[in-house]
Amino acid sequence: MNSLSNVRLIRKKLDLTQEDLAKRFGVSQSLIAKLETGRIEPSFSKGKHILDELERMAKHAQPCASELMSKDVIMIDAHESLGKAAATMHAHKISQIPVIEKDKLVGIVTEDTLLSSVQKKKKAKTVRETMAACPPLVDPSSPCQAVMTMLLHYPAVLVVEEVVLLGIITKADVISKLLD
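Here the structure is a predicted model, which means the values were calculated and not measured. (Residues numbered from 1 in each chain as written. Predicted model: local features only at pLDDT ≥ 70, side-chain atom pairs only at ≥ 80, totals over all residues. Heavy atoms only, no water.)

Packing of helix α2 (residues 18–25) against helix α3 (residues 29–37) brings their axes to within 8 Å, and their N-to-C directions diverge by 110 degrees. Considered as vectors, α2 and α3 are oriented roughly perpendicular to each other. The handedness of the crossing between α2 and α3 comes out as right-handed. Taking contact as the criterion, the partners of Gln18, Glu19, Leu21, Ala22 and Phe25 in α2 are, on α3, Gln29, Ile32, Ala33 and Glu36. Split by residue class, the contact of α2 with α3 holds five nonpolar, two polar and two charged. (Axes fitted to C-alpha atoms, helices over the stretch in contact; angles between N-to-C directions. Helix = DSSP H or I, 4+ residues; strand = E, 2+ residues; numbered from the N terminus. Parallel < 35°, antiparallel > 145°, perpendicular 65-115°, else oblique. Left-handed = near helix turned anticlockwise from the far one by under 90°. Contact = heavy atoms within 4.5 Å. Nonpolar A, V, L, I, M, F, W, Y, C, P; charged D, E, K, R; others polar.)

Structure (structure tokens):
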């Protein structure tokens, strides 16, 4: 939860000047300066309005899942060979590939799952035998922060609306979009 002591920090994260913020709230720049330094305490309603507006602005400043995703999702059938999965990943320069069975998402094959399969004495032959569980599914409007948290634990996040796969988000997608 934000407090008035965080106004300066939030303002700077949004790349706004005190003057920009003052115009947005219909107050003077000096009032914003005094608020940020703690030399003035606004009325409860004015303080709440400022915090609510900053929170709304911060929420809209971050990209959502639909802005981060790659739309051209390459998939592979669960009954295909691991060789085909590896060749497809290599040809498209991707490190994971969603797995479908009867037009339904059932898992994911990653570089790690392929390496693990190669290391085992009894080698798997099909994608189904080596795939990992399906990665998290998110709504297109899911915030970037939520997606980044999921990517700390999963190789990819799939963006779906109802039952339709719209895209895939990988760590590389987030890094390239946020450092652009």
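Overall, mixed pairing links the three strands, which are arranged β4-β5-β6 in an open sheet. Since the sheet does not close on itself, it has two edges, and those belong to β4 (137–138) and β6 (164–170), each with one partner. Sheet analysis places strand β5 (residues 156–161) next to β6, joined by six bridges and oriented antiparallel. Along β6, the bridge assignment pairs Val159 with Gly167. (Pairing = 2+ DSSP bridges.)

This next bit is on the nonpolar core. Ranked by internal contacts, the top residues of the largest apolar core, which has 14 residues, are Val7, Leu14, Leu21, Phe25, Ile32, Ile50 and Leu54. Counting residues per element, the ones that place at least two in this core are α1 (7–13), α2, α3 and α4 (44–61). By residue number, the principal contributor to this core is α4, which donates four residues. For Ile32, the residues in contact, after removing those within four places along its chain, are Gln18, Leu21, Ala22, Phe25 and Val27. (Core = buried A, V, L, I, M, F, W, Y, C linked by side-chain atoms within 4.5 Å. Buried < 20%, exposed > 50% of the residue type's maximum accessible area, 1.4 Å probe, protein only.)

A few words on the pairing of strand β3 (residues 104–110). When a strand is regular, its side chains alternate between the sheet's two faces. Sheet topology places strand β2 (residues 96–101) next to β3; six bridges connect them, and they run antiparallel. The partner of Ile97 across the bridge, within β3, is Val109. Between β2 and the antiparallel strand that follows it, β3, lie two residues; Lys102 among them carries a positive phi value of about 55 degrees.

The next subject is the sheet that holds β3. Sheet strands line up and pair through hydrogen bonds in the backbone, either parallel or antiparallel. An order of β1-β2-β3 is seen for the three strands of this open sheet, with the pairing classed as mixed. Two strands in the sheet have a free side with no partner beyond their single neighbour: β1 (76–77) and β3. Against the sheet, helix α6 (residues 82–92) makes contact with β1, β2 and β3, and its axis sits at roughly 135 degrees relative to β2, the strand it touches most.

Further remarks concern the packing of helix α9 (residues 144–151) against helix α10 (residues 171–178). Running from amino to carboxyl end, α9 crosses α10 at an angle of 140 degrees, the nearest separation of the two axes being 10 Å. Here α9 is positioned oblique relative to α10, judged by the angle of their axes. As for how α9 packs across α10, the hand of that crossing is left-handed. Residues Cys144, Val147, Met148 and Leu151 of α9 form the contact with α10, whose participating residues are Lys171, Val174 and Leu178. Among the residues making up the contact of α9 with α10, the classes are represented as six nonpolar, no polar and one charged.

This next bit is on the pattern of salt bridges. Taken as a whole, this structure holds seven salt bridges when the rule is applied. With its nearest N and O atoms 3.6 Å apart, the salt bridge here joins Glu53 to Arg24. Taken together, the residues span a long stretch of sequence, with Glu53 in helix α4 and Arg24 in helix α2 at a distance of 29 residues. Its salt-bridge partner being Glu101, residue Arg128 comes within 2.3 Å of it at the nearest N-O pair. Separated by 27 residues along the polypeptide, Arg128 in helix α8 (residues 127–130) and Glu101 in strand β2 bring together distant segments of the chain. Owing to a relative accessible area of 37%, Arg128 belongs among the partly exposed residues under this scheme. You can call Glu101 buried: its relative accessible area is 16%. (Salt bridge = Lys/Arg side-chain N within 4 Å of Asp/Glu carboxyl O.)

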